[in-house]
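Coordinate inspection notes
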Amino acid sequence: MSSPETTLELYDDGAESPSELMSGEMTVTSAPRNTIDPSSPDFNTLDEPIRDTIMRDVKAVGVKFYHVLIPREKNTLLRDWDLWGPLVLCTFMATILHGSSDEMHDGGPEFAQVFVIVWIGAMIVTLNSKLLGGKISFFQSICVLGYCLTPCALALIVCRIILFSTQTAFLFFLRFVVSSVGFGWATYASIIFLGDSQPPNRKALAMYPIFLFYFIISWLVVSHSNV
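Residues numbered from 1 in each chain as written. Predicted model: local features only at pLDDT ≥ 70, side-chain atom pairs only at ≥ 80, totals over all residues. Heavy atoms only, no water.

1. What about the UniProt feature "transmembrane region" (unreviewed entry) in the chain?
Mapped onto the present numbering, the UniProt feature "transmembrane region" (unreviewed entry) falls on residues 144–163, 169–193 and 205–222. Between the first and last C-alpha atoms of residues 144–163 the distance is 30 Å; the span itself is 85% helix and 0% strand. (UniProt positions renumbered as here; feature names shortened; annotations may be inferred. Helix = DSSP H or I, 4+ residues; strand = E, 2+ residues; numbered from the N terminus.)

What follows is the structure, given as structure tokens:
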């Protein structure tokens, strides 16, 4: 038992009581835009409506799709990276490429197989880039590789429409051309975004796995024959 004289003074004589120190309000004030850092957001997400937050994220994803289709501005995918677009594209392509339920005519990959090919392939390409001295983060590279699947996804949609007709040699050639265009477009866009992050003397070593990654995806597209 401690004596009354043995006390632990946590506060100075002139300090407020503990109850007074802990009292107060949690308020969020709307601060003006940071003029020192123009890239800082001009909004407060703590008191922002959920609808505005969702619409802003959807708009950001749409802007990234646009920059992949017209690869001019290089910093958008690298600065404001996310994995929503790659997830949507991967899920869409895996659903379309999923084999038919008819075992006699089922030659397509399983849903999980497409997921593994896309994500594991993107991680291997990213790891190769990092080992070669690439100046880009892991998730930035995954973001770019995932968003650059957009041309392959568009090619898959066109090939899917062609498959509704009775297949002939000409239609197969047409599917091959469409898949080749998607492959070239995806490879070119990814090189535009990732090329500058590689050392000049190792750029070819870094680009070859990207070429192979989109080639495999495009092969799945052109070889898909189930409707």
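Read on for the rest.
2. Observations concerning the packing of aromatic side chains
One pass over the structure, following the stated rule, counts 7 aromatic pairs. With 5.2 Å between their ring centres and 65 degrees between their planes, Phe-65 and Tyr-147 make a pair best called edge-to-face. Taken together, the positions of Phe-65 in helix α2 (residues 50–69) and Tyr-147 in helix α6 (residues 138–147) put the pair 82 residues apart, joining distant regions of the chain. Pairing Phe-183 with Phe-211 gives two aromatic rings, centres 5.1 Å apart and planes at 75 degrees, and the pair type is edge-to-face. Here Phe-211 lies in helix α9 (residues 203–223) and Phe-183 lies in helix α8 (residues 169–194), a separation of 28 residues in the sequence. According to the relative accessible area criterion, Phe-183 is buried, its value standing at 15%. Phe-211 gets classed as partly exposed once you look at its relative accessible area, which sits at 39%. An aromatic cluster of at least three residues, connected via ring pairs, comprises Trp-81, Phe-138 and Phe-139. (Phe/Tyr/Trp six-rings, centres within 6.5 Å; stacked < 30°, edge-to-face > 60°. Buried < 20%, exposed > 50% of the residue type's maximum accessible area, 1.4 Å probe, protein only.)

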